[in-house]
Amino acid sequence: MKLPNVRETIFSLKSYLSAITALYLAYSIGLPRPFWAMTTAYVVAQPWSGAVRSKALYRLTGTFFGSAATVYMVPRLSNSPVVMTAAMVLWVGACLYLSVLDRTPRSYLFMLAGYTAAMIGFPSVTDPSLVFDTALARVEEISLGIVCATLVHSIVLPRGLAPALTLQLDKAVRDARNWMHDTLSGQTAEQKDRDRRVLANDITQLRLLSTHVPFDTSNLRWTSGAVRAMQDQIASLTPTVSAVEDRMRALQAGGQPLPEAVSALLRDISEWINAGALATHEAAVRLRAAVTRHTPSIDSRSTWRDALLASLMARLRELIDTYDECLALRREIRAGLQGAPLRSPRSKRSPKTVLHRDQGMALLSALAAGVAISACCAFWIGTAWSNGATAALMAAIFSCFFASQDNPVPGIMQFLTYTVYSIPLSALYLLGIMPAIHSFEMLALAMLPTAFVLGIFIARPATAGKAMAMLFGFLGTMALQDTNTADVVSFIDTQVAQCMGVATAAIIAAIFRTVSADWSARRIQAANWKELEMLASSPRTPSRHTYAARMLDRIGLLQPRLALAKRPDDVVAADALKDLRVGRDITELQRARRHLPMAEPTIKPVLDSLASFFRARSAWQVGMKTPEFLAQIDRALSSVAAAPQGAAARDRAVVALVGIRRAFFPDAPDYQPAHPTLEGQAS
């Protein structure tokens, strides 16, 4: 066993201090279940004070709504067990559905609202007249645990989120820098793919971690707008770098070299990027000016190579602008942590708008929870088991805990295993130590060794789940002391009910809820195609930042699943990256078409064909890349190129059409201009 370090020791002592304080206050106030307050204090405990505060708020809110639902349902339905079970299943299922859809820490609110109703409602069925008192007591006990944990973790040596978040920000910028450098310097495809996968995971982790920023105890909470803006900028780098890579490959096809001036420009950009934090805004301005000088003018006589070069220059300009803005935002966040005023107010976009949602998996999770609860309730009603309520509520809790996983069975079984391991410890305390304790001070000292050791393991990510399972089993059994049922028969009956409820949740999850990593990856890819179809057919101009962030989030979700799936290559991830580029081009084309009325008759057919293609793909049909589709792209490109020069929309449309042509027809013959030059005809 590795000895605990200072952070683990402090976390364990703070968690115990908050838990034992909650237990003392619960006893002093005369609450019926004081150990619920202690358990809640451990549930809320997190290494960072901001995470404790946010989780506390969500848990308190969810507990309130779950208790209110119970108070409404139980008195009205307690005389009809079947209807009562159906109502509880519907409530838990609906809450779990919303929880799985919201992949941020806010999902905890919905999950708590669901299983809190089960925790209060099922034990209250035998005496529904007391359901309000029971619900009120549970809210008081849970609130007490939340308040104690929040105060202790916020006041006693608080650990702010700033170091972890800024480290993750710097890692994301560094990984983006590595990918850009490897792309501009022509590194191998394997290295660039590895860089891209790392960056995708960075962005997803950063978005989930930053949800706690507004609750942090340091100055970091005042920079939440800048943090969100920086996340958007880093996400938007992905399609840009991928497009730069594709245009460079196209320009060098057939052994053709890049123009010397362009090669020199790429080296200058790579050096500026590699400078990291030392990269200056003045250098970015000079590089943008150089990109503008090397951008060819596009007209009806321009060749395909000219269009490719113009597209490359446009994407390089975006790369410079975006990376420069990332560096500026990072400097702003650093200054904000030191108390300096922010450069400008940031938008209040919520992270919920950019994360992937899988409604099918959410419905499947709700179904599995409903079946598990129904099975336990059927056994409870059929046998008139006095402890059947415990089995039903445990099935509800553990169906919710692991619902976001592709295969929740291993997690549930691990929890069951370590709950069983906690039985001897629980028996020792409940039947051997507790009868000899006659004061709260003795109780606190007796529980300190066990709570301290388990707190150390909770602080370690690798053992947190196992230690939390043992702690739940231990404290759940100690709650028998609150109900004056601390005897061998009640102990065994409670342990059997707990294990039965958890095992039922695992069995039902194995039957209804478990999916393979390959199947999950295919669903994520289908979601990409569905959104691309909506982008192409939308009458409104979509937000490119929102789309890029959501698509990158899906790439981040794909990577661990592809590692588990039986695939010999990374084709799905490569397709997802191409989809990301196409989505960016579609949004640019949608934005530009409204300013190019003369080109609208040729742009709309391209968008319609894209919508049809992705509609077929999302239905798992083969999308047809027909010669007519290629001809539509070429006609639109010719029409846009012939538009009056100087309009920004015209340049955006050219770049977008070049990208779409490269994505769907990379090996097609070169585009032929409508009015070729004599030199072009001779060649």
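Residues numbered from 1 in each chain as written. Predicted model: local features only at pLDDT ≥ 70, side-chain atom pairs only at ≥ 80, totals over all residues. Heavy atoms only, no water.

## Some words on the overall build of the protein chain
No. 1: Within the protein chain, the regular secondary structure consists of 25 helices and zero strands.
No. 2: Here the protein chain, with 683 residues, has 55% of them falling under the buried criterion.
No. 3: At a minimum sequence separation of 6, the contacts of the protein chain that also span at least 24 residues come to 79%.
No. 4: Of the roughly 28,500 Å² of accessible surface on the protein chain, a fraction of 62% belongs to carbon and sulfur atoms. (Helix = DSSP H or I, 4+ residues; strand = E, 2+ residues; numbered from the N terminus. Buried < 20%, exposed > 50% of the residue type's maximum accessible area, 1.4 Å probe, protein only. Contact = heavy atoms within 4.5 Å. Areas by Shrake-Rupley, 256 points an atom, 1.4 Å probe, with all protein chains shown as cover.)

## Brief notes about the nonpolar core
No. 1: With 94 residues, the main nonpolar core has Ile269, Trp272, Leu312, Leu316, Leu589, Leu610 and Phe664 as its most contacted residues.
No. 2: Here the element with the most residues in this core is helix H12 (residues 304-337); it accounts for 15 residues.
No. 3: Three or more residues apiece are contributed to this core by two domains, here domain 2 (162-338) and domain 3 (532-664).
No. 4: Apart from the residues lying within four places of it in its own chain, the contact partners of Leu610 are Ala536, Ile586, Phe629, Ile660 and Phe664. (Core = buried A, V, L, I, M, F, W, Y, C linked by side-chain atoms within 4.5 Å. Domains from an automatic or database assignment.)

## Observations regarding the packing of aromatic side chains
No. 1: For the structure on display, the rule yields 22 aromatic pairs.
No. 2: Between Tyr115 and Phe401 the ring centres are 5.6 Å apart and the planes differ by 85 degrees, which places this aromatic pair in the edge-to-face class. Of this pair, Tyr115 sits in helix H5 (residues 107-121) while Phe401 sits in helix H14 (residues 388-401), and the two are 286 residues apart along the sequence.
No. 3: Between Phe122 and Trp380, the aromatic rings sit 6.0 Å apart at their centres with planes inclined by 80 degrees, giving edge-to-face as the arrangement. Of this pair, Phe122 sits in the loop between H5 and helix H6 (131-155) while Trp380 sits in helix H13 (residues 359-383), and the two are 258 residues apart along the sequence.
No. 4: You can call Phe122 buried: its relative accessible area is 1%.
No. 5: Trp380 sits in the buried class, given a relative accessible area of 13%.
No. 6: Chaining the aromatic ring pairs together yields one cluster made of Tyr115, Phe398, Phe401, Phe402, Phe415 and Phe472.
No. 7: Between the NZ or CZ atom of Arg138 and the centre of the ring of Trp36, over which it lies, the distance is 4.8 Å. (Phe/Tyr/Trp six-rings, centres within 6.5 Å; stacked < 30°, edge-to-face > 60°. Lys NZ or Arg CZ within 6 Å of the ring centre and 35° of its normal.)

## Details of the UniProt feature "transmembrane region" (unreviewed entry) in the protein chain
No. 1: If you check UniProt for "transmembrane region" (unreviewed entry), the listed places come out as residues 20-44, 56-75, 81-101, 108-126, 142-161, 361-381, 415-437 and 443-462 in our numbering.
No. 2: In residues 56-75, helix accounts for 100% and strand for 0%; the two terminal C-alpha atoms are 29 Å from one another.
No. 3: In the segment residues 142-161, helix accounts for 70% and strand for 0%; the C-alpha atoms at its two ends are 25 Å apart. (UniProt positions renumbered as here; feature names shortened; annotations may be inferred.)

## Description of unusual backbone geometry
No. 1: Of note in this structure, Leu157 is not a glycine but carries a positive phi near 45 degrees.
No. 2: Structurally, the position occupied by Leu157 is in the loop between H6 and helix H7 (162-184).
No. 3: Positive phi values are uncommon outside glycine, yet Ala384 reaches one of about 55 degrees.
No. 4: Note that Ala384 resides in the loop between H13 and H14.

## Focus: the environment of Arg661
No. 1: Relative to the assigned elements, Arg661 resides in helix H24 (residues 648-664).
No. 2: Classification of Arg661 as buried rests on a relative accessible area of 2%.
No. 3: Spatially, the C-alpha atoms of Arg661 and Val582 are 9.6 Å apart, while their sequence positions differ by 79 residues.
No. 4: Ignoring anything within four residues of it in the chain, the contact list for Arg661 reads Trp304, Leu630, Ile633, Asp634, Pro666, Ala668, Pro669, Asp670 and Tyr671.

## Regarding H12
No. 1: The end-to-end C-alpha separation of H12 is 49 Å, in line with the 50 Å expected for 34 residues at 1.5 Å each.
No. 2: Extensive coverage of H12 is indicated by the burial of 25 of its 34 residues. (Expected span 1.5 Å × (residues − 1).)

## What about helix H22 (residues 600-618)?
No. 1: Taking 1.5 Å of rise per residue, 19 residues should cover 27 Å, and H22 covers 27 Å from first to last C-alpha, within 8% of that figure.
No. 2: For H22, every residue scored as buried is listed here: Ile603, Val606, Leu607, Ser609, Leu610, Ala611, Phe613, Phe614 and Ala616.

## Considerations on the pattern of salt bridges
Charged atoms that come close allow side chains of opposite charge to pair.
No. 1: Counted by the stated rule, this structure contains 25 salt bridges.
No. 2: Here Arg249 makes a salt bridge to Asp246, at a shortest N to O gap of 3.5 Å. Here Asp246 and Arg249 lie together in helix H9 (residues 224-251), a separation of three residues that amounts to about one turn.
No. 3: By relative accessible area, which is 45% here, Arg249 ends up partly exposed.
No. 4: The class for Asp246 is buried, based on a relative accessible area of 4%.
No. 5: Arg615 is paired through a salt bridge with Glu533; the nearest N and O atoms lie 3.2 Å apart. Within this pair, whereas Arg615 is found in helix H22, its partner Glu533 is found in helix H19 (residues 517-537), the two being separated by 82 residues in sequence.
No. 6: Among the residues examined, Arg615 registers a relative accessible area of 42% and is labelled partly exposed.
No. 7: Salt bridges linked by common partners bring Arg315, Glu318, Arg584, Asp585, Glu588, Arg591 and Arg652 together as one network. (Salt bridge = Lys/Arg side-chain N within 4 Å of Asp/Glu carboxyl O.)

## Section: the confidence of the model for the protein chain
No. 1: The predicted model of the protein chain has a mean per-residue pLDDT of 83, with 89% of residues at 70 or higher.
No. 2: Here residues 345-353 scores under 50 on pLDDT; set against residues more than four positions off or in separate chains, the count is 15 contacts.
No. 3: The low-confidence segment residues 678-683 (pLDDT under 50) makes one contact with residues lying over four places distant or belonging to another chain. (pLDDT = per-residue confidence, 0-100.)

## Re a nonpolar patch on the surface
No. 1: Together, Leu17, Val147, Leu151, Ile155, Val156 and Leu157 give the surface a local cluster of nonpolar side chains, amounting to about 530 Å² of exposed area.
No. 2: By residue number, the principal contributor to the nonpolar patch is H6, which donates three residues.
No. 3: Here Ile155 is to be found in helix H6.
No. 4: Judged by relative accessible area, which is 60%, Ile155 ranks as exposed. (Patch = residues over 30% accessible without salt bridge, like charges linked within 9 Å, V, L, I, M, F, W, Y side chains within 5 Å.)

## Overview of the state of the cysteines
Put plainly, two cysteines are in a disulfide when a covalent bond ties their sulfur atoms together.
No. 1: All chains considered together, the criterion is met by zero disulfides.
No. 2: You can see Cys377 has no disulfide; the closest cysteine sulfur is in Cys376, sitting 7.0 Å from it. (Disulfide = S-S within 2.5 Å.)

## Remarks on the packing of helix H15 (residues 409-433) against helix H18 (residues 488-513)
No. 1: The geometry of H15 relative to H18 is characterised by a closest axis approach of 9 Å and an angle of 175 degrees between their N-to-C directions. Relative to H18, H15 is oriented roughly antiparallel. In this structure, H15 uses Val409, Ile412, Met413, Leu416, Thr419, Val420, Ile423, Ser426, Ala427, Leu430 and Leu431 to contact H18, whose residues at the interface are Val488, Phe491, Gln495, Gln498, Cys499, Val502, Ala503, Ala505, Ala506, Ala509 and Ala510.
No. 2: Per-class residue counts for the contact of H15 with H18 are 18 nonpolar, four polar and no charged. (Axes fitted to C-alpha atoms, helices over the stretch in contact; angles between N-to-C directions. Parallel < 35°, antiparallel > 145°, perpendicular 65-115°, else oblique. Nonpolar A, V, L, I, M, F, W, Y, C, P; charged D, E, K, R; others polar.)

## Concerning the packing of helix H1 (residues 6-29) against helix H2 (residues 34-44)
No. 1: Running from amino to carboxyl end, H1 crosses H2 at an angle of 160 degrees, the nearest separation of the two axes being 8 Å. With respect to each other, H1 and H2 are oriented roughly antiparallel. For the element pair H1 and H2, the recorded crossing hand is right-handed. Along its contact with H1, which presents Ser15, Tyr16, Ser18, Ala19, Ile20, Ala22, Leu23, Ala26 and Tyr27, the element H2 presents Pro34, Phe35, Ala37, Met38, Ala41 and Tyr42.
No. 2: For the contact of H1 with H2, a count of residues per class yields 13 nonpolar, two polar and no charged. (Left-handed = near helix turned anticlockwise from the far one by under 90°.)

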